[in-house]
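Fold and contact review
The residues making up each chain are set out below.
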Amino acid sequence: MKSEIIAVCPGSFDPITVGHLDIIRRASQMFQKVVVVVMTNNSKTPSFSVEERMEMIRKTAADIPNVEVDAYGGLLADYTRKRGAKAIIKGLRAMSDFEYEFQMALTNKKLNPEAETVFLTTSSEYMYLSSSMVKLIGSMGGNIQEFVPAAIHEDIQRRLSGKDA
C-alpha cells in the first residue's frame, strides 16, 4: 500500500481569496492531504491575525475533507520536512510571479531535497486577483463580494472598511 502523499500550500492568506480557494481545491484533487499553512511574512503588516486567517480558511475549505489548516513562523523547507510533505503547492498568476516563485522553489529544494514545488496556474477568471487588491478595494469601501469566499465576505468587508470595532 502506497503511503499518503502530503502537499503543503503556503501563503499569507491575508485574506484568503476565491483564487486561493481555487488552487486549494485543485490541489486537493491531486494529493491525499493538503495542509494549507499560514506563513508569517515579516515584510508585510497583516490586516488579520494568524488565528483569524486560519479560521477563514477553515470556514471556506470546510467542504474539502482532505484539507488541514496550520500556521508556521519559520522556513517553509523546515515545515515541509517536519510534516513529511513531498510537495509545495504554489499558484502562479503571471510571469512576474514565476520569477520570484522559481527562485523560492530552487531555494526550498536546496534546503529540503525531499519536497518538490508544484506550480498550478491560476484559473483565468482569477488572474488579476490578489489579497493586496482585495484589501485596497475593501479599504476604500468597494464591494469585494466577487473576490472572497461567500462564507467570510461580510467579516472581511467589515474589517477592511473600518466598521469592525
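Before reading on, note that the structure itself is shown above.
Our subject in this report is the structure included herewith. For every chain, the first residue of the written sequence is number 1, and numbering continues from 1 onward in sequence order. Predicted model: local features are reported for residues with pLDDT of at least 70 only, side-chain atom pairs are reported and counted for 80 or more only, and whole-chain, interface and lining totals are derived from all residues. Side-chain numbers come from the whole structure's heavy atoms, not from hydrogens or water.

1. Considerations on the overall build of the protein chain
Helix and strand content of the protein chain: six helices and five strands. Numbering of helices and strands runs from the N terminus, with a helix taken as a DSSP run of H or I at least four residues long and a strand as a DSSP run of E at least two residues long. Going from N to C terminus, the protein chain has its helices and strands arranged as β-α-β-α-β-α-β-α-β-α-α. Here the globule rule reads 2.2 Å times residues to the power 0.38, and the radius of gyration is calculated from C-alpha atoms. Rg of the C-alpha trace for the protein chain: 16 Å, near the compact-globule value of 15 Å for 165 residues, within the 12% margin. Structurally, the protein chain occupies a C-alpha span of about 50 × 35 × 30 Å along its principal axes. Should any heavy atoms of two residues lie within 4.5 Å, those residues are counted as being in contact. Counted over contacts in the protein chain with a minimum sequence separation of 6, partners at least 24 positions apart contribute 75%. Side-chain charges of the protein chain comprise 20 positive and 20 negative groups, with the mean position of each set lying 4 Å from the other. Positive residues here are Lys and Arg, negative ones are Asp and Glu, while His and the chain termini are left out of the count. Where a charge lies is defined by one atom per residue type, namely NZ (Lys), CZ (Arg), CG (Asp) and CD (Glu).

2. Comments concerning the packing of aromatic side chains
Each Phe, Tyr or Trp ring, with Trp reduced to its six-membered ring, pairs with another whose centre is within 6.5 Å; inter-plane angles below 30 degrees give stacked pairs, above 60 give edge-to-face pairs, and intermediate values give tilted ones. Scanning all chains against the criterion turns up four aromatic pairs. Arranged with centres 5.1 Å apart and planes meeting at 50 degrees, the rings of Tyr72 and Tyr79 form a pair that is tilted. Relative accessibility decides the category of a residue: with a 1.4 Å probe and only protein chains considered, values under 20% of the type maximum give buried, values over 50% give exposed, and everything between is partly exposed. On the basis of relative accessible area, Tyr79 is assigned to the buried category, the value being 0%. Between the aromatic rings of Tyr128 and Phe147, the centroid separation amounts to 6.0 Å while the plane-to-plane angle is 75 degrees, which identifies the pairing as edge-to-face.

3. Details of a nonpolar patch on the surface
Residues qualify for a patch when their relative accessible area is over 30% and they have no salt bridge, like charges being joined within 9 Å and the nonpolar side chains of Val, Leu, Ile, Met, Phe, Trp and Tyr within 5 Å. All accessible areas in this document rest on Shrake-Rupley with a 1.4 Å probe, and a residue is counted as covered only by the protein chains that are shown. Counted as salt bridges are all cases of a side-chain nitrogen of Lys or Arg within 4 Å of a carboxyl oxygen of Asp or Glu. Taken together, the side chains of Met133, Leu136 and Met140 make up a nonpolar region of the molecular surface, amounting to roughly 330 Å² of accessible area. Along the chain, Met133 falls in helix H5 (residues 131-139). For Met133, a relative accessible area of 36% corresponds to the partly exposed category.

4. Quick word on helix H4 (residues 95-111)
One turn of the α-helix equals 3.6 residues, which is why residues spaced by three or four share an orientation. To estimate how far a helix should extend, the number of its residues minus one is multiplied by 1.5 Å. Taking 1.5 Å per residue, 17 residues should reach 24 Å; H4 reaches 24 Å between its end C-alpha atoms and fits that length. Among all positions in H4, only Asp97, Glu101, Ala105 and Asn108 are buried. In this structure, the buried side of H4 is in contact with helix H3 (76-83), strand E4 (87-92) and strand E5 (116-121).

These results come straight from atomic positions and should not be treated as a statement about function.
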